[in-house]
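# Tertiary structure, described
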Amino acid sequence: MKDFKRIVFFTGAGLSVESGIPTYRGSGGVWKQYNYQEYACEEAFIRDPEKVWDFHDQRRAMIADCQPNIAHKIIAEVQRRHPRTTIITQNIDGLHQRASARKVIELHGSIWRLRCPESGVIEDNFEVPLAERRCGRNSWWRPDIVWFGDALREETTDAALRALRQCDLFLCIGTSAVVYPAARMPQIAVDNGAETIEINPEKTPISPLFQRCMRSSAGPALAELFPGYI
Ligand code: APR
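This is a predicted model, so every value here is computed, not measured.

## Here's the deal with the site of the ligand
- Close contacts around the ligand come from 21 residues, with Tyr24, Arg25, Trp31, Thr175 and Ser176 the closest.
- A distance of 2.7 Å separates an oxygen atom of the ligand from a polar atom in the side chain of Thr175.
- The fraction of the free accessible surface of the ligand (740 Å²) that becomes covered by protein chains is 90%.
- Of the residues contributing to the shell around the ligand, the split by class is eight nonpolar, ten polar and three charged.

## Some remarks on the nonpolar core
- Formed by 25 residues in total, the largest nonpolar core has its most connected members in Phe45, Trp53, Ile111 and Trp147.
- Mapped by element, the contributors of at least two residues to this core are helix H3 (42-47), helix H4 (49-64) and strand S4 (109-115).
- With four residues, H4 is the single largest residue contributor to this core.
- Ignoring sequence-local partners within four residues, the contact set of Phe45 consists of Val52, Trp53, Trp140, Trp141, Arg142 and Trp147.
- Counting 24 residues, the second-largest nonpolar core is a separate cluster that includes Ala101, Leu169, Leu171 and Met214.

## Quick notes on the sheet that holds strand S9 (residues 212-214)
- Ordered in space as S3-S2-S1-S7-S8-S9, the six strands form an open sheet in which the pairing is parallel. On the outer flanks of this sheet lie strand S3 (104-106) and S9, each paired with one strand and no other. Averaged over all pairs of adjacent strands, the angle between their axes in this sheet comes to 15°, without regard to strand direction.
- Pairing between strand S7 (residues 169-173) and strand S8 (residues 195-199): five bridges, direction parallel. Among the inter-strand pairings, Phe170 is bridged to a residue of S8, identified as Thr196.
- Of the strands in this sheet, strand S1 (7-11), strand S2 (86-89) and S7 are in contact with helix H5 (residues 70-81), which crosses S1 at around 155°.

## Section: the packing of aromatic side chains
- Counted according to the given criterion, the structure contains 14 aromatic pairs.
- Note on Phe9 and Phe226: the rings are 6.0 Å apart at their centroids and 50° apart in plane angle, and the pair reads as tilted. Linking Phe9 in strand S1 with Phe226 in the segment after helix H9 (218-225), this pair joins segments that are 217 residues apart in sequence.
- On the basis of relative accessible area, Phe9 is assigned to the buried category, the value being 0%.
- Among the residues examined, Phe226 registers a relative accessible area of 1% and is labelled buried.
- Following the ring pairs from residue to residue traces out a cluster consisting of Tyr24, Trp31, Tyr34, Tyr36, Tyr39, Phe55 and Phe148.
- Against the face of Tyr229 rests Arg81, its NZ or CZ located 4.1 Å from the ring centre.
- Lying across the ring of Trp147, Arg142 places its NZ or CZ 3.9 Å from the centre.

## Quick notes on the environment of Tyr34
- Assignment of secondary structure puts Tyr34 in the loop between helix H1 (30-33) and helix H2 (36-39).
- With 183 residues separating them along the chain, Tyr34 and Ser217 place their C-alpha atoms 25 Å apart.
- When residues no more than four places from it in sequence are discounted, the contact partners of Tyr34 are Tyr39, Phe55 and Gln58.

Reading the values: the criteria
Residues numbered from 1 in each chain as written. Predicted model: local features only at pLDDT ≥ 70, side-chain atom pairs only at ≥ 80, totals over all residues. Heavy atoms only, no water. Near = heavy atom within 4 Å. Polar contact = N/O pair within 3.5 Å; in protein donor to acceptor, adjacent residues only side chain to side chain. Areas by Shrake-Rupley, 256 points an atom, 1.4 Å probe, with all protein chains shown as cover. Nonpolar A, V, L, I, M, F, W, Y, C, P; charged D, E, K, R; others polar. Core = buried A, V, L, I, M, F, W, Y, C linked by side-chain atoms within 4.5 Å. Buried < 20%, exposed > 50% of the residue type's maximum accessible area, 1.4 Å probe, protein only. Helix = DSSP H or I, 4+ residues; strand = E, 2+ residues; numbered from the N terminus. Contact = heavy atoms within 4.5 Å. Pairing = 2+ DSSP bridges. Axes fitted to C-alpha atoms, helices over the stretch in contact; angles between N-to-C directions. Phe/Tyr/Trp six-rings, centres within 6.5 Å; stacked < 30°, edge-to-face > 60°. Lys NZ or Arg CZ within 6 Å of the ring centre and 35° of its normal.

Okay, structure coming up:
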């Protein structure tokens, strides 16, 4: 692994399973319990911001009680030892950062940031529960998350694409690869000739793209690939 110069970790909800955070689509998954049309789209927020905030407050409380796991820590250590490592995540939980990862490209935003829809102001906020849901008399803070139907932020996508086009090792960890445009990104690393590894206990629609598939949890697989990094 030390021969690779530009590593990209591309991560999804499976990475945080060992921290106790449920995935979205597996058994006990968030979208198995909650209809995203009521909790995770702009229309739901316009209809009933209190209900959407109750859901997100509950998620913030749950995530705040969880700790980064061995996989987050190994990834952060790889980035520390190989500074040209890029972490591209679909996760909104902030656990990469809490494991001391420095630069993280958050494709789907963060549950720990707020955005004012009127002024465009974006702020970090770690209160649990959020003390003030309103950012103006007629407007509400919204979680700075890419909900269903939202577009990804252009500068975020551009930063991810730059890293994908340059990487020589691409590790795709814990994503079902069914949500676009994120699910298209692994193909870019493949097209650019990177070495590619998928880590996921289950097969995914993009598994055939990878040179190696490790059918295992994130922590043990990364410990095998990066011995001595923890
Ligand atoms: N280690 C690695 N992978 C795991 C583990 C584990 N311990 N446990 C489960 N997985 C895998 C599952 O097999 C599944 O393929 O993690 C994947 C989780 O898939 P999803 O729940 O669909 O999560 P993700 O791919 O991150 O979802 C993408 O969907 O709703 C949106 O915005 C949300 O970012 C999210 C996006």
